[in-house]
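# Structure at a glance
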Amino acid sequence: MATSIPVERTKQSRISETDFNNLEFGKYISDHMLVASYSNGRWNDMKVVPYGPMAMTPAILALHYGQSVFEGLKAFRNNDGDICVFRAARHSQRLNKSLERMCMPTVSEEMFVQGIHALLEVDQAWIPSSPASLYIRPIVFATESRFGVKVSDEYLFVIMTSPVGPYFSKPLRVKVEDHFVRAAEGGTGYAKCAGNYGGAFYPTMLARDQGFDQVLWTDARNHEYIDEAGVMNVMFVADGKLITPALSSAILDGVTRDSILQLAPTMGITTEERRVSVEEIQRGLERGIITEAFGAGTAAVVSPIASISIRGVDYHLPEPGPDSFQQRVKRKLNDIRMGLEPDVFGWNYIIRQS
Ligand SMILES: *Cc1c(COP(=O)(O)O)cnc(C)c1O
């Protein structure tokens, strides 16, 4: 099916202007994008076209009432020279959960995966070799132009890509947020919808002004339980076990989180998904029971947490060495994607290169 998607190639590739040795996250957008439009109750004419501006009015409903949903996943060039798209089906399922929450039309898994396939075939020169990768950004947004507060009848589905360098996050200083809220149960926290991010900027900016890198979000009711770390899921190693907050409607169901939870038992680590209280974290840090804390997300895979501030007191964690769980699981994930380890979970969508 990939080859049945029409392609309009750019006349002027920008690849030679791209500094592949200095890839700032999301700075360079590849030559092409996939576009499909929704109207009259269905998705029409999916095509690959040159990436660039699109004509639309400032009255499109996405801008006013926030019907805008996105995904983020990665493609790698594996050891055989083939292209590996990591967990495309899982990202497609999550996109549809987000779309449903926002009353937007779903995108079939076939359309999602074949759209990525077609786009990557056209822009394969943009897929850097390891340890760099290609970040894939699908987005769906409401394009009907009118002022009434209503569910849009028209949408665009666009997939763009961007080559990204290896992302070594410096250890983060985080602050347990005890005033602002990212998401409440029953709200839209589990959806990757635009408004969640706009609303998180202000508390994150205030935390940065206080010298922190990120906020550890807590539950909206009492700020008693940990939800997430900025735009990553959060995980702790305590007493040799991997502990992470159980999913709720306020927590984004991260694919990296899910992958790590599946890999941990194969590495001899037991996992616990449950409510994690701020008090438990504070006690665990005081007594040295918690040996690791990290964020989990597609961009960095794992981002070590160096310190956690709880009600004004900073608790420090040691820098994770090569034998730490977070570094071992990061290597394992990488090996699976690169084809150095068998893909026993069927996570890789492979586009073979002839
Ligand atoms: C995207 C995202 C994550 C991480 O999800 P991955 O699928 O692992 O990239 C976690 N939290 C939030 C709020 C996110 O937007």
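Residue positions within a chain follow its written sequence, with the count starting from 1. In keeping with the model being predicted, local features are shown solely for residues with a pLDDT of at least 70 and side-chain atom pairs are shown and tallied solely at 80 or more, while totals for entire chains, interfaces and linings include all residues. Calculation of side-chain values draws on the structure's entire complement of heavy atoms; hydrogens and water are dropped beforehand.

In the region of the ligand, 15 residues are neighbours, and K192, Y197, E228, T256 and T298 sit closest. What qualifies as a polar contact is a pair of N or O atoms within 3.5 Å, subject to a donor-acceptor requirement within protein and to the restriction that residues adjacent in sequence count only when both atoms come from side chains. At 2.7 Å, a side-chain N or O of R94 approaches an oxygen atom of the ligand. Backbone polar atom of V231 to a nitrogen atom of the ligand: 3.5 Å apart, as the coordinates give it. Note on areas: Shrake-Rupley, 1.4 Å probe, and residue coverage restricted to the protein chains presented here. Taken by itself the ligand offers 380 Å² of open surface, and the protein chains cover 96% of this. Each residue gets one label: Ala, Val, Leu, Ile, Met, Phe, Trp, Tyr, Cys and Pro are nonpolar, Asp, Glu, Lys and Arg are charged, and the others, such as Gly, are polar. Residues of the shell around the ligand, tallied by class, amount to five nonpolar, six polar and four charged. Residues are classed as near a molecule or strand on a simple rule: at least one heavy atom within 4 Å of it.

Bringing the pattern of salt bridges into the picture now. Any Lys or Arg side-chain nitrogen found within 4 Å of a carboxyl oxygen on Asp or Glu counts as a salt bridge. The tally for this structure, following the rule as stated, stands at 19 salt bridges. Among the salt bridges present, the one from D253 reaches R90, with a minimum N-O distance of 3.1 Å. Note that D253 is positioned in the loop between β12 (241-245) and α5 (255-266) and R90 in helix α2 (residues 88-101), a separation of 163 residues in sequence. Under the scheme applied here, a residue whose accessible area is under 20% of the maximum for its type counts as buried, over 50% as exposed, and between as partly exposed, the area being computed with a 1.4 Å probe on protein chains only. Given the relative accessible area of 14%, D253 is considered buried. Here a strand is any run of E in DSSP of at least two residues, a helix any run of H or I of at least four, and the numbering for each starts at the N terminus.

In this analysis, the expected span of each helix is defined as 1.5 Å times one less than the number of residues it contains. For α5, spanning twelve residues, the distance from its first C-alpha to its last is 17 Å, which sits close to the expected 16 Å at 1.5 Å a residue. Of all the twelve residues making up α5, nine are buried; the element is thus mostly covered by neighbouring parts of the structure. Where α5 is concerned, the buried positions are V255, T256, R257, D258, S259, I260, L261, L263 and A264. In the stretch just after α5, G268 is the one whose phi turns positive, near 80 degrees.

Moving on to a nonpolar patch on the surface. Nonpolar side chains (Val, Leu, Ile, Met, Phe, Trp, Tyr) are joined into patches within 5 Å and like charges within 9 Å, using only residues with over 30% relative accessible area and no salt bridge. There is a patch of nonpolar side chains on the surface, built from Y65, F147 and V149 and spanning about 380 Å² of accessible area. The residue V149 is located in the loop between β6 (133-142) and β7 (155-164) in this model.

Quick look at the domain arrangement of the chain now. The split into domains, and so the bounds of each, comes from an automatic or database assignment of domains. Here the chain is partitioned into domain 1 (2-164) and domain 2 (172-320). The C-alpha-based centres of domain 1 and domain 2 are spaced at 28 Å. Working rule for contacts: check all heavy atoms of both residues, and any pair within 4.5 Å makes them a contact. Taken together, the contact between domain 1 and domain 2 spans 18 residues of the former and 18 residues of the latter. Accessible-area loss on putting two parts together, using a 1.4 Å probe and summing over both, is the definition of buried area adopted here. Taking both partners together, domain 1 and domain 2 bury about 1600 Å²; carbon and sulfur atoms supply 56% of that area. Contact with domain 2 buries area across many residues of domain 1, yet F70, R94 and R101 alone supply 37% of it, more than any other trio. For the pair domain 1 and domain 2, the interface holds four salt bridges. At the boundary of domain 1 and domain 2, one finds eleven residue pairs in polar contact (both at pLDDT 80 or more). Mapped by element, the contributors of at least two residues to the side of domain 1 that touches domain 2 are β3 (68-70), β4 (73-77) and α2. When residues of the side of domain 1 that touches domain 2 are assigned to their parent elements, the largest contribution, six residues, is made by α2.

So, on to the nonpolar core. We call a set of buried residues a nonpolar core when its members are Ala, Val, Leu, Ile, Met, Phe, Trp, Tyr or Cys and they connect through side-chain atoms within 4.5 Å of each other. With 52 residues, the main nonpolar core has W43, V85, V107, L120, V140 and F157 as its most contacted residues. No other element matches the eight residues that helix α3 (residues 109-122) contributes to this core. A domain-level breakdown of this core finds at least three residues from each of domain 1 (2-164) and domain 2 (172-320). Listed in part, the 22 residues of the second largest apolar core include L216, F236, L285 and A293.

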